[in-house]
There are 2 protein chains.
Amino acid sequence: MPAIPALARCRRLLACLPFLFLAACASQAPLRGSGGLGVVIERADGQVQIVDHLARRSLASVAGLGDLSHASVVFSRDGRYAYVFGRDGGLSKVDLLQARVERRIVQAGNSIGGAISQDGRLVVAQNYEPGGIKAFDAETLELLADVPADYGDGQRSKVVGLADLSGNRFAYALFDAGEIRITDLSDPKQPRTQRFSAGKQPYDALVTPDGRYYIAGLFGEDGLALLDTWQPELGTRRILAGYGRGEAPLPVYKMPHLRGWAIAGGRAYLPAIGRHEVLVVDTASWQEVGRIPVKSQPVFVMARPDGRQIWVNFAFPDNGWLQVIDPLTQQVSATLQPGQAILHLEFSAKGEQVWVSARDDNAVLVFDTASQRLLQTLPARSPSGIFFTQRAFRMGF
Amino acid sequence: MPAIPALARCRRLLACLPFLFLAACASQAPLRGSGGLGVVIERADGQVQIVDHLARRSLASVAGLGDLSHASVVFSRDGRYAYVFGRDGGLSKVDLLQARVERRIVQAGNSIGGAISQDGRLVVAQNYEPGGIKAFDAETLELLADVPADYGDGQRSKVVGLADLSGNRFAYALFDAGEIRITDLSDPKQPRTQRFSAGKQPYDALVTPDGRYYIAGLFGEDGLALLDTWQPELGTRRILAGYGRGEAPLPVYKMPHLRGWAIAGGRAYLPAIGRHEVLVVDTASWQEVGRIPVKSQPVFVMARPDGRQIWVNFAFPDNGWLQVIDPLTQQVSATLQPGQAILHLEFSAKGEQVWVSARDDNAVLVFDTASQRLLQTLPARSPSGIFFTQRAFRMGF
């Protein structure tokens, strides 16, 4: 810091003050609203890039976040802090305004992401090892609740598909136990958990954007399990039973992801496992209303926030492609080959832009969604997930 | 400023520096995320209170905003700036982080609110006098487009129900001309406007949260006009024709308001004009599916963001009451009498809190929505509208 040698030469206190004030001033980052901020996971380096997606530029990098393979992020309600969940069980609270790690803990041996409570006070991690969920104080990262995913004869299950619900409840699925559980953390000292049968090997799940319907995809059998979290006493029901998962001998190269972005205009657009199809479900009847043939095995099927387009990326070896579905025609309206290893997409809040990570090009690509025109290319080292702060305002994100 | 007398005593430059640095530091507000900020309109004083709704406290007041009767607010995409539209045609850009007016213009003689474009670059005002819309640069407030609401023989209509659509388009209704118009401002120098018949005296309107369906309420006849903005070539259609507006001899004490908050769980909850009813419409068929009797003439009918509750306030003389509708039973589940002159409500992004303005109690009341328990009372001078920054991320807000 430039003030140091000058301070060393100081003779009179008064002469030193300028440097002290200078240091104090320098420690404050520029004022900015947090609504345009986001993070890009740079997996290979265990760091994140902080971006301003309104100005379409990188602001800073923050390192020391551990193993960020399959990392995911949730945001504090004020949009200032990103909670980064690492595969190694690391949970880091990153200050986006000061571009630094505010706090970091290692909370499990093998973790697969997390969620934040309706009131923003609880950050919850879903863990493979030891199987279960843990709730932390969003301010301090102090452990507030440890809810093991016990089942059968003292076994513990991997947890997937964690989503926040109203009333500081969380829904999640137990891969090994074939269950959906809802844990009420409104009093973190006394978690209350309800259990529901789901089917064989729920591998991921989503909650509808209104926080009502929780849907778990099944790897071990056809179909998905649906739970109305407003009326959990009704139990789960099977939807899309027999859509054909496993019927085709296609190997599954990458498990698809499910999130609230699958819901648009009264329909759910769901990736079929092992098939080159997007399944379309009516969210009033929960009946299948169509299947849309796509280029390969879908991984992310994401509706633009206004639901006017559905973007799809694919598993290896077709992970250089993107397709856009028009919900009016229920057909693919555009096919793009933007780069190598397209791992993730993130839309701006009102959907005019989409940011795309092209891992093997070491680039993040920004597209205008209406024209599918490339607006900008930003350098990034092996980028995977991209997360914008508007997620702080949505359930299930 | 304390530095001044000290500076006057300065002998050597070096001795003055501390005070200069001190002044520089003091000019910067504390760092904070903008996601928890909001403004409360203090109508009688022509000022707004800046609040932190996560901490549930007032941060500052900003005065000099003119006539704020029927004032409304939109936010910049980064959540830092509030654009305050005054009834007197004033448009003020308020910096929420520094609590000051960044820019202010008077753009019309009589204005009734505004909207912000999908990309956040255009702020658009809807005016009664002169009737039309005007688009301004969100950064500088420079006038970019003036689109008069001309009709008939050189007349100009009052404009109501302005809402942002995808592609930097804006939908609005012409009270006097009985039209809905969509103006494409993707090139502000060359606005392109489409015209659609609406019916007699559209008084307000909403766009569904996905930005697709634009619905104008009619004062001059029964029913509402619906336009699919994804397929405007199909034109408008009438919904809820003959729900009874005007059939009952009830005087209309206050016009109801329409916004995207009326849509929840595949249904629209619409205030009936002059009747003690909330009308329920299926958003797939746009057919009426029910009517919910309420205490008085509804003014705001607002779904909690997750759609689990619908809150209703009422026109004079029953404007001290609130009712909560349960969308599962389609019945009133709670009736509250929280204060005097309940003018407006604003929910937190995930709906666990609602802020309520009680004008004649000079108070803002904060309720826990699940229990309807009063959490806090904040002093405010004749509060009317309450607006939180998460509106920046939603279409039609």
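Residues numbered from 1 in each chain as written. Chains lettered and ligands numbered in written order. Predicted model: local features only at pLDDT ≥ 70, side-chain atom pairs only at ≥ 80, totals over all residues. Heavy atoms only, no water.

## Remarks on the sheet that holds strand S9 (residues 122-129) of chain A
Residue and element names in this part refer to chain A. In space, the four strands of this open sheet follow the order S8-S9-S10-S11, with antiparallel pairing throughout. Of all strands in the sheet, those bounded by a partner on one side alone are strand S8 (110-116) and strand S11 (143-148). Each strand axis lies, on average, 20 degrees off the axis of its neighbour in the sheet, ignoring direction. As paired elements, S8 and S9 share five bridges and run antiparallel to each other. By the bridge assignment, Gly114 is partnered in S9 with Ala125. (Pairing = 2+ DSSP bridges. Helix = DSSP H or I, 4+ residues; strand = E, 2+ residues; numbered from the N terminus. Axes fitted to C-alpha atoms, helices over the stretch in contact; angles between N-to-C directions.)

## Structural notes on the domain arrangement of chain A
Where interface size is quoted, it is often the accessible area lost as the parts come together. Residues and elements named next belong to chain A. Assigned domains within chain A: domain 1 (55-242) and domain 2 (253-397). Here the C-alpha centre of domain 2 lies 22 Å away from the C-alpha centre of domain 1. Facing the 38 residues of domain 1 at the interface are 33 residues of domain 2. Summing both partners gives a buried area of about 2,900 Å² for domain 1 against domain 2, and 67% of it is carried by carbon and sulfur. Here Arg259 ties to Asp204 by a salt bridge, and the two come within 3.5 Å at their closest N and O atoms. Counting only elements with at least two residues in the side of domain 1 that touches domain 2, the list comes to strand S4 (72-75), strand S14 (159-165), strand S18 (202-207), strand S19 (213-218), strand S20 (224-228) and strand S21 (236-239). Ranked by residue count, the leading element in the side of domain 1 that touches domain 2 is S18, at five residues. (Domains from an automatic or database assignment. Contact = heavy atoms within 4.5 Å. Buried area = accessible area lost by both parts, 1.4 Å probe. Salt bridge = Lys/Arg side-chain N within 4 Å of Asp/Glu carboxyl O.)

## A word on the interface of chain A and chain B
Listed by partner, the interface residues are 51 residues for chain A and 51 residues for chain B. Of the roughly 4,400 Å² buried between chain A and chain B on both sides combined, carbon and sulfur atoms contribute 63%. Broken down residue by residue, the surface that chain A buries against chain B is led by Leu31, Lys350 and Phe393 of chain A, which jointly contribute 20%. In this structure, the salt-bridge partner of Asp164 of chain B is Lys350 of chain A, at a minimum N-O distance of 3.0 Å. Linking chain A to chain B there are 13 residue pairs in polar contact (both at pLDDT 80 or more). Here the side of chain A that touches chain B gets seven residues from one element, more than from any other, and that element is helix H2 (residues 13-26) of chain A. Of the residues assigned to the side of chain A that touches chain B, the class counts are 20 nonpolar, 15 polar and 16 charged. (Polar contact = N/O pair within 3.5 Å; in protein donor to acceptor, adjacent residues only side chain to side chain. Nonpolar A, V, L, I, M, F, W, Y, C, P; charged D, E, K, R; others polar.)

## Description of the nonpolar core
Core analysis: the biggest nonpolar cluster contains 44 residues, and Val39 of chain A together with Val39 of chain B have the highest contact counts within it. The set of elements that each furnish at least two residues to this core consists of strand S1 (37-42), strand S2 (47-52), S4 and strand S5 (81-85) of chain A together with strand S1 (37-42), strand S2 (47-52), strand S4 (72-75) and strand S5 (81-85) of chain B. Formed by 40 residues, the second largest nonpolar core is a distinct cluster that contains Tyr203, Ile273, Met302 and Phe367 of chain B. (Core = buried A, V, L, I, M, F, W, Y, C linked by side-chain atoms within 4.5 Å. Buried < 20%, exposed > 50% of the residue type's maximum accessible area, 1.4 Å probe, protein only.)

## Some points on the relation of the copies chain A and chain B
Placing chain A over chain B gives an RMSD of 0.0 Å and needs a rotation angle of 180 degrees, together with 0.0 Å of translation along the axis. Both copies of the chain, as the preceding transformation shows, are related through a two-fold rotation axis. (Least-squares fit on C-alpha atoms with pLDDT ≥ 70 in both.)

## Some words on the pairing of strand S10 (residues 132-137) of chain B
Residues and elements named next belong to chain B. With respect to burial, S10 is a largely interior element, five of its six residues being buried. Note: strand S9 (residues 122-129) against S10, six bridges, orientation antiparallel. Bridge pairing links Ala125 to Lys134 in S10. Connecting the antiparallel pair S9 and S10 is a turn made up of two residues. Pairing analysis gives five bridges linking S10 to strand S11 (residues 143-148), with the strands arranged antiparallel. Within S11, the position partnered with Ile133 by the bridge is Val147. Linking two consecutive strands that pair antiparallel, namely S10 and S11, is a turn of five residues; a positive phi of about 65 degrees is found at Leu141 within it.

## A short note on the pattern of salt bridges
Pairs may arise between side chains of opposite charge once their charged atoms sit close together. Residues and elements named next belong to chain A. Following the criterion strictly, the structure yields 38 salt bridges over all chains and no others. Ionic pairing is found between Glu277 and Arg291, a salt bridge with its closest N-O pair at 3.3 Å. Placement of Glu277 in strand S24 (residues 277-282) and of Arg291 in strand S25 (residues 288-293) is noted, with a sequence separation of 14 residues between them. We classify Glu277 as buried; its relative accessible area is 17%.

## Focus: the sheet that holds strand S23 (residues 267-271) of chain B
Spatially, the four strands line up as an open sheet ordered S22-S23-S24-S25 (chain B), and their pairing is antiparallel. The open sheet has two edge strands, strand S22 (263-264) and strand S25 (288-293) of chain B, and neither has a second partner.

## Here we look at the side chain of Gln118 of chain A
Among the structural elements, Gln118 of chain A can be located in the loop between S8 and S9. Within the structure, the side chain of Gln118 of chain A is placed 2.7 Å from the backbone nitrogen of Gly167 of chain A, a separation counted as a polar contact. Ignoring sequence-local partners within four residues, the contact set of Gln118 of chain A consists of Arg77, Leu165, Ser166, Gly167, Asn168 and Met395 of chain A together with Lys350, Gly351 and Glu352 of chain B.

## Observations regarding the packing of aromatic side chains
By the definition in use, this model includes 11 aromatic pairs over all chains. Sitting over the face of the ring of Tyr81 of chain A, Lys93 of chain A holds its NZ or CZ atom 4.4 Å from the ring centroid. (Phe/Tyr/Trp six-rings, centres within 6.5 Å; stacked < 30°, edge-to-face > 60°. Lys NZ or Arg CZ within 6 Å of the ring centre and 35° of its normal.)

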